[in-house]
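Okay, here's what each chain looks like letter by letter:
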Amino acid sequence: APLRRIVAEYGLDAWLLRRTARSRGYRRARCLLLLSRLPVGAAAADCAARYAASRNRYVRFQSLMVRLAADPSTALRLMAEYPEPFSACEVGEIMAVLRRGMLPIAYEPLIGSPSRNLRIVGLGIVRQFGIEEAERLLLAMVARERVPELGREALYTLCSMRCSLRRREVAGRIASMSRAERKALMRYMAREGYAPAVLRRLFDDRERPYYESLIHSYKRSLVC
């Protein structure tokens, strides 16, 4: 409420919209980013919407963020309609808005959505807030997700919450991953503190020495 009064008193939203109109490229994206951090109304969202077709990806995404800030009730529809896959950086931007309480969204409808962008945001919410109740949904994604990127992201989310990985679903997903992807996963597992015994059902004998070398390089004890 105090910030809303400041915006109204000094006309910050109108000032930023004028700056946005006079700017180009990354400067325009920055103006839209600042605008998305303010409590703006429908008029600002309508002005920002005109930049949704910009040739600059950052401008297009920040246009979306302004519209999300203006009317959180439209968040699911706007994110589902966004024509490009969200990058990790863009998901991080959305998570920052969620942490500030400006965008209240439940994770279950997102994870179960047919939209790739909504599923990736749902996984981000589960990881960000450590929602252990989502483990069943994550295992289902690991087992059945047809988009390899999302299947791996669900697996990484399980790791981030230090869930048990001795599951048939996890073994099946790891078996479908490339050698480079499995090595990247082992590095993440080592960082999260998984003991070498966990790998016996997940990786073959040739891969486990690499994990053990990672474990010995960490200056902490890993407990089963």
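First, a word on scope: everything that follows refers to the structure included in this document.

## Examining the overall build of the protein chain
(1) Moving on: From N to C terminus, the protein chain includes 14 helices and zero strands.
(2) Moving on: Starting at the N terminus and walking to the C terminus, you meet the elements of the protein chain as α-α-α-α-α-α-α-α-α-α-α-α-α-α.
(3) Moving on: Taking the principal axes of its C-alpha atoms as reference, the protein chain extends roughly 65 × 35 × 35 Å.
(4) Moving on: Looking at the protein chain as a whole, 48% of its 224 residues are labelled buried.
(5) Moving on: Restricting to contacts in the protein chain with at least 6 residues of sequence separation, those with at least 24 account for 60%.

## Remarks on the packing of helix H11 (residues 148-160) against helix H13 (residues 179-192)
(1) Moving on: At their nearest, the axes of H11 and H13 sit 10 Å apart, and the two run at 20° to each other. Here H11 lies roughly parallel to H13, going by the angle between them. By crossing handedness, the relation of H11 to H13 is classed as right-handed. For the pair H11 and H13, contact is made by Arg152, Leu155, Tyr156, Cys159 and Ser160 and by Glu181, Ala184, Leu185, Tyr188, Met189 and Glu192, respectively.
(2) Moving on: When grouped by side-chain class, the residues that make up the contact of H11 with H13 number seven nonpolar, one polar and three charged.

## Some words on the environment of alanine 1
(1) Moving on: Locating alanine 1 in the fold gives a position in the segment before helix H1 (2-10).
(2) Moving on: For alanine 1 and proline 39, which are 38 residues apart along the polypeptide, the C-alpha to C-alpha distance reads 8.8 Å.

## A closer look at the layout of surface pockets
(1) Moving on: Looking at the largest pocket, its volume works out to about 220 Å³.
(2) Moving on: Around the largest pocket, the lining comprises 13 residues; the ones closest to its centre are Ala88, Val91, Ile120, Gly124 and Glu153.
(3) Moving on: Every element with two or more residues in the lining of the largest pocket is listed here: helix H7 (88-99), helix H9 (116-129) and H11.
(4) Moving on: Among the elements that take part in the lining of the largest pocket, H9 stands out by supplying five residues, more than any other.
(5) Moving on: For the lining of the largest pocket, the class distribution of residues is five nonpolar, four polar and four charged.
(6) Moving on: By volume, the second largest pocket amounts to about 180 Å³.
(7) Moving on: Forming the walls of the second largest pocket are Tyr26, Ala29, Arg30, Leu33, Arg57, Tyr58, Phe61, Gln62, Ser87, Cys89, Glu90 and Glu93.
(8) Moving on: When residues of the lining of the second largest pocket are traced back to their parent elements, those giving at least two are helix H3 (25-36), helix H5 (57-70) and H7.
(9) Moving on: Taken together, the residues that form the lining of the second largest pocket break down as six nonpolar, two polar and four charged.

## Observations regarding a positive patch on the surface
(1) Moving on: A cluster of basic side chains, namely Arg18, Arg19, Arg22, Arg27 and Arg30, defines a positive patch on the protein surface.
(2) Moving on: For the positive patch, the secondary structure elements donating two or more residues are helix H2 (12-22) and H3.
(3) Moving on: Per-element accounting of the positive patch gives the leading share, three residues, to H2.
(4) Moving on: For arginine 18, a relative accessible area of 45% translates into the label partly exposed.

## Some words on H11
(1) Moving on: A rise of 1.5 Å per residue sets the reference length of H11, with its 13 residues, at 18 Å; its end C-alpha atoms lie 18 Å apart and thus fit the reference within 8%.
(2) Moving on: Residues of H11 that are buried: Leu150, Gly151, Ala154, Leu155, Tyr156, Thr157, Leu158, Cys159 and Ser160.
(3) Moving on: Those residues of H11 hidden inside the fold are in contact with H9, helix H10 (135-144), helix H12 (168-175) and H13.
(4) Moving on: Trailing H11 by a residue or two, arginine 162 shows a phi angle of about 55°, which is positive.

## Points about helix H4 (residues 42-49)
(1) Moving on: For H4, the set of buried residues is Ala44, Ala45 and Ala48. Angular distribution of buried residues about the axis of H4 spans 100°; they occupy a single face of the element. More than 90 degrees from the buried face of H4, the exposed residues found are Ala42, Ala43 and Asp46.
(2) Moving on: Among the structural elements, H2, H3 and H5 are those in contact with the buried residues of H4.

Reading the values: rules and limits
- Residues numbered from 1 in each chain as written.
- Predicted model: local features only at pLDDT ≥ 70, side-chain atom pairs only at ≥ 80, totals over all residues.
- Heavy atoms only, no water.
- Helix = DSSP H or I, 4+ residues; strand = E, 2+ residues; numbered from the N terminus.
- Buried < 20%, exposed > 50% of the residue type's maximum accessible area, 1.4 Å probe, protein only.
- Contact = heavy atoms within 4.5 Å.
- Axes fitted to C-alpha atoms, helices over the stretch in contact; angles between N-to-C directions.
- Parallel < 35°, antiparallel > 145°, perpendicular 65-115°, else oblique.
- Left-handed = near helix turned anticlockwise from the far one by under 90°.
- Nonpolar A, V, L, I, M, F, W, Y, C, P; charged D, E, K, R; others polar.
- 1 Å grid on protein atoms, 1.4 Å probe; cavity = no way out; pocket = protein on both sides within 12 Å on 5 of 7 lines; lining within 4 Å.
- Points joined across faces, edges and corners; volume = space filled by probe spheres on them.
- Patch = residues over 30% accessible without salt bridge, like charges linked within 9 Å, V, L, I, M, F, W, Y side chains within 5 Å.
- Areas by Shrake-Rupley, 256 points an atom, 1.4 Å probe, with all protein chains shown as cover.
- Salt bridge = Lys/Arg side-chain N within 4 Å of Asp/Glu carboxyl O.
- Lys, Arg positive; Asp, Glu negative; His and termini not counted.
- Charge placed at Lys NZ, Arg CZ, Asp CG, Glu CD.
- Expected span 1.5 Å × (residues − 1).
- Arc of directions from axis to C-beta.

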